[in-house]
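In case you want the letters, here they are:
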Amino acid sequence: MSNYHIKHLEEYYQVYRKSIREPENFWEEIAEEHFMWQNKWNNILSWDFSKPEIKWFEGAKLNITENCIDRHLTTRGNKTAILFEPNNPKEPSEHITYNQLSKRVNRFANVLKNQGIKKGDRVCIYLPMIPELAISVLACARIGAIHSVVFAGFSATALSTRINDSDCKMVITSDGSYRGAKTINLKGIVDEALDSCPNVNSVLVAKRIQSEINMVEGRDHWLQPLLDEGSDICEAEIMDAEDPLFILYTSGSTGKPKGMVHTTAGYMVYTAYTFKNVFQYKEDDIYWCTADIGWITGHSYIVYGPLANGATTVMFEGVPSYPDFGRFWEIVEKHKINQFYTAPTAIRALAKQGLEVVEKHDLSSLKVLGSVGEPINEEAWHWYNDNIGKKKSPIVDTWWQTETGGIMITPIPFVTPTKPTYATLPFIGIQPALMDEQGEEIKGNQVSGRLCVKFPWPSMARTIWGNHQRYKDTYFSAFENKYFTGDGALRDEVGYYRITGRVDDVIIVSGHNLGTAPIEDAVNEHPAVAESAIVGFPHDVKGNALYGYVILKDVGETRKHNNLRKEINQIITEHIGPIAKLDKIQFTEGLPKTRSGKIMRRILRKIAHNDTSNLGDTSTLLNPEVVQSIIDGHKNDE
Ligand code: WTA
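Please read these numbers as outputs of a predicted model, since none were measured by experiment.

## Remarks on the overall build of the protein chain
So, point 1. What the protein chain contains, in helices and strands, is 20 helices and 30 strands.
So, point 2. Its C-alpha atoms give the protein chain principal-axis dimensions of roughly 75 × 65 × 55 Å.
So, point 3. Burial statistics for the protein chain: of 638 residues in total, 60% are counted as buried.
So, point 4. For the protein chain, the share of sequence-separated contacts (at least 6 apart) that also reach a separation of at least 24 residues comes to 71%.
So, point 5. Considering the protein chain, the positive charge centre built from 69 side chains and the negative charge centre built from 80 side chains are found 1 Å apart.

What follows is the structure in C-alpha cells.
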C-alpha cells in the first residue's frame, strides 16, 4: 500500500507508527514509488548524531530538476507550473507551463555553463520575487551548482559576508526591484557588496525595472541576450543523493550567519511528501505561499515541494499592503487560490485593517490555510479562521526551521483536528522529544521543555558550510544524541505540541530570525557607543520587536539622543538590513552583569516587557545597583 497521501486520522496514526518502527522501510517505499532515480540507493540511512553525520539514500543518483520538471512533461506539459503575479495589479500575471519552465530552466542552465559554472560551484542569487528567481534556482540544480539565495532585503554588507563565506563565483541579480510603491536599486547593492568579494568574476543581470545601471565591463552581463544565444536543451547533471543542493543562511545567536547545507535526495523526498500531505494538494489546485524564495519556506514550499508534485505554485512579487490592504484577497479571488500559506505577522497586519477589504473579495476557493515562521497568537488564529477560512478551511500551523528543510510538526488538514495556537502532531517520521535542563527527556503529557528531535529525517541540514564543528556545537551538543531546535514547547493532554518560542538569543521579528550578537556588533560600530545589549519585546504586528540598551562612551553624547538613535539604526540597516532596526533604544550607564562578565539578558528582557515585579535574585550581580537605574530610565522613556 502506498502511504503517500494520508486521508484520515486513523491512517495518520498507522502510517506514523510504521514510520517510527521501520523508518528505513517506510522511506524506501516513499522514495521508490514517487520519484525518478537514475540509480537506486545501496543504503537507506546511516547516521551518528555524535559526529554528527547523516546520510540518506546513499549511492542513489538523481537530478532534482528531472523530478520537478522533466517527468511531468508527458502528462502535465501544458499545466501551469509557476503562476507569476506582479507587484502592480495592472501588469498582467504570467502563466509558465511545465513545458515552458523546462525550456527556460535549460536555457538558463546553459548560460551558467557558458559562464564557466560547474558542478559543486557556488552561485549567489540575489533577486526579487520574479520568475528568474525560481528559474535560476532550478538552473543551478540542473547542472549541480550549489545555489545560495540571499533575500533581496539584505544590505550590501550582509550580502558580501554571505558571498564570501561560501566563496561564490557568480552573482545573479536584477537591475532593481519593485516593492509596493517603491523601487529598489538592487544592482547598486550588489556593486557595493562586490567591492569586498574578490572571487566573484561574473554577474548576470535580469531586467525588471528598466533603470539605468552601472555595468562593469567583463564582469557584468545582461541576462536576456545570453539566454537568447543558447539552446533550450541541457542534459541534467547526475548527482549523488548526498551532493549539496543549496546553502541557505540563517542567523545564529552568536557570530556570523550559518550557511545551512541541504543535500539532494532526502530533501527532495521529504519536501515533496510533506507538501502533498500538509496542503492536501490535488491535481488541479492552485497553491500560493506568500513567503519569499530568499527564505527556506520559499525554497521548500514555493519551488521544490510543489514542483516535485507537479503542482501550480504562485509567486507573488509584491507586498500585502499595495496598492491597498486587500491585495492578498484580491489575488486569492483572481486566481481562485485553494491553499494559502502565510505568516502570523502578515495575518496580524491584515487583521488590523478591518473587514471591508476582506469582504469585497470572493474567498470561496480556499480549502486550506497555513501559518509559518513564529507562534501564531490566539487572536490572529481566530481572525484567520473566522474571516478568511470562514470556519471551513482548516489552519495548518506548521512548525519547522531552515535547518529542518521541511515541515516537522503540523496538523494534516481534514485529518488532524486543529487547536488554536497548537502546531499539533509530529509529521510522519518525526520523533520529537521535550528535554529538561538536566538533559533528561520529559515523558508523558501536559509537560513542557526544550524541543529536540531524536531520530534523523530525510531533509535535515547536513552541516554548516565550512564549519562542521559549529554545526555540532549548535545542534548536537546541548543534549546527547539529539538534534536541539533552539525552541521551547509544551505537550498538552492529548500529545499536541505548542511551540512557545526561542530559548536562545535568536529573536523572531516579523517572522525573520535575528541573532542579537550581530546586531549588537553593528550598534557597537557607532563611534559614540561603548557597549550594547539587545532583547526582544512583544509587538502587536511584528510578534517581537527589538529593544536596545546602549552605553555611550561619553555621557555628554546623550544630548544628541535623537540623532544618535537614527544613526544607530542607520548602521544596523547598512550592516544587516532594515528588518533588524531597533524599535526602542534606551541609553543607560551600565548593563547588569554576572561576576564572570556575562550580560544578564533575562533582567533586560523583563524590563523591556514592563515586567519588573519579579526580577529574581539580583544580589549576585557584579553591579546590582545598575538594575534600578535601568528601570528608572525605561520608565522615563515610556
Ligand atoms: C519559529 C521558518 C511557532 C521557531 C520555517 C523556529 C515557529 C524558527 C513556527 C525557524 C510555528 C517557525 N510556530 N514557531 N508554526 N514556525 N517558528 O529558520 O522559533 O526562518 O525555530 O524557518 O521560527 O525559523 P526559520
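More follows now that the structure is in view.
## Re the pattern of salt bridges
So, point 1. Considering all chains together, one arrives at 36 salt bridges under this definition.
So, point 2. One continuous salt-bridge network, built from bridges that share partners, spans Glu85, Arg327, Glu330 and Lys334.

## Considering the UniProt feature "domain: AMP-dependent synthetase/ligase" (unreviewed entry) in the protein chain
So, point 1. As recorded in UniProt, the feature "domain: AMP-dependent synthetase/ligase" (unreviewed entry) lies at residues 71–462.
So, point 2. The distance separating the terminal C-alpha atoms of residues 71–462 is 27 Å; by composition the span is 30% helix and 22% strand.

## Section: the environment of lysine 454
So, point 1. For lysine 454, the location among the structural elements is in the loop between β22 (447–453) and β23 (463–464).
So, point 2. Using a relative accessible area of 27% as the deciding quantity, one classes lysine 454 as partly exposed.
So, point 3. Counting along the chain gives 189 residues from lysine 454 to alanine 265, while the straight-line C-alpha distance between them is 21 Å.
So, point 4. Discounting chain neighbours no more than four positions away, the residues touching lysine 454 are Trp47, Phe49, Gln431, Pro432, Ala433, Glu441, Asn481 and Lys482.
So, point 5. Here the side chain of lysine 454 touches glutamate 441 through a polar contact of 3.2 Å, side chain to side chain.

## Some thoughts on helix α2 (residues 23–34)
So, point 1. Taking 1.5 Å per residue as the helical rise, α2 with its 12 residues ought to reach 16 Å, and the 17 Å between its terminal C-alpha atoms agrees with that figure.
So, point 2. For α2, the complete set of buried residues consists of Pro23, Phe26, Trp27, Ile30 and Ala31. Down the axis of α2, the buried side of the element spans an arc of 125°, and every buried residue falls inside it.
So, point 3. Residues of α2 that are buried in the fold lie against α1 (9–21), β2 (53–58) and α10 (265–278).

## Here we look at the packing of α1 against α2
Relative orientation and spacing of two packed helices are given, respectively, by the angle between their axes and the distance between those axes.
So, point 1. As a packed pair, α1 and α2 sit with axes 5 Å apart at the nearest point and diverge in direction by 115°. When α1 is examined against α2, the residues Val15, Lys18, Ser19, Ile20 and Arg21 are found in contact with a partner set consisting of Pro23, Phe26 and Glu29.
So, point 2. Looking at the contact of α1 with α2, its residues break down into four nonpolar, one polar and three charged.

## Quick notes on empty space enclosed by the protein
So, point 1. Here the structure, examined in full by the defined rule, presents two cavities of 30 Å³ or more.
So, point 2. Quantified by volume, the largest cavity comes out at close to 50 Å³.
So, point 3. Split into classes, the residues belonging to the lining of the largest cavity amount to six nonpolar, three polar and no charged.
So, point 4. In this model, the second largest cavity occupies a volume close to 30 Å³.
So, point 5. Along the walls of the second largest cavity sit Val149, Val150, Phe151, Phe154, Arg162, Leu248, Tyr249 and Gly294, which together make up its complete lining.
So, point 6. Of the residues belonging to the lining of the second largest cavity, the class tally is six nonpolar, one polar and one charged.

## Quick word on the UniProt feature "domain: Acetyl-coenzyme A synthetase N-terminal" (unreviewed entry) in the protein chain
So, point 1. Mapped onto the present numbering, the UniProt feature "domain: Acetyl-coenzyme A synthetase N-terminal" (unreviewed entry) falls at residues 12–68.
So, point 2. Helix makes up 47% of residues 12–68 and strand 25%, whereas the separation of the span's terminal C-alpha atoms amounts to 26 Å.

## So, the site of the ligand
So, point 1. Within the structure, the ligand sits among 17 residues, and Asp397, Thr398, Thr402, Asp487 and Arg502 are positioned closest to it.
So, point 2. Within the backbone of glycine 373, one N or O atom sits 3.1 Å away from a nitrogen atom of the ligand.
So, point 3. Within the side chain of threonine 402, one N or O atom sits 2.5 Å away from an oxygen atom of the ligand.
So, point 4. The protein chains hide 96% of the 530 Å² of surface that the ligand would expose on its own.
So, point 5. Every element with two or more residues in the shell around the ligand is listed here: α11 (296–308), β20 (395–398) and β25 (497–502).
So, point 6. Of the residues contributing to the shell around the ligand, the split by class is seven nonpolar, six polar and four charged.

Procedures and definitions
- Residues numbered from 1 in each chain as written.
- Predicted model: local features only at pLDDT ≥ 70, side-chain atom pairs only at ≥ 80, totals over all residues.
- Heavy atoms only, no water.
- Helix = DSSP H or I, 4+ residues; strand = E, 2+ residues; numbered from the N terminus.
- Buried < 20%, exposed > 50% of the residue type's maximum accessible area, 1.4 Å probe, protein only.
- Contact = heavy atoms within 4.5 Å.
- Lys, Arg positive; Asp, Glu negative; His and termini not counted.
- Charge placed at Lys NZ, Arg CZ, Asp CG, Glu CD.
- Salt bridge = Lys/Arg side-chain N within 4 Å of Asp/Glu carboxyl O.
- UniProt positions renumbered as here; feature names shortened; annotations may be inferred.
- Polar contact = N/O pair within 3.5 Å; in protein donor to acceptor, adjacent residues only side chain to side chain.
- Expected span 1.5 Å × (residues − 1).
- Arc of directions from axis to C-beta.
- Axes fitted to C-alpha atoms, helices over the stretch in contact; angles between N-to-C directions.
- Nonpolar A, V, L, I, M, F, W, Y, C, P; charged D, E, K, R; others polar.
- 1 Å grid on protein atoms, 1.4 Å probe; cavity = no way out; pocket = protein on both sides within 12 Å on 5 of 7 lines; lining within 4 Å.
- Points joined across faces, edges and corners; volume = space filled by probe spheres on them.
- Near = heavy atom within 4 Å.
- Areas by Shrake-Rupley, 256 points an atom, 1.4 Å probe, with all protein chains shown as cover.

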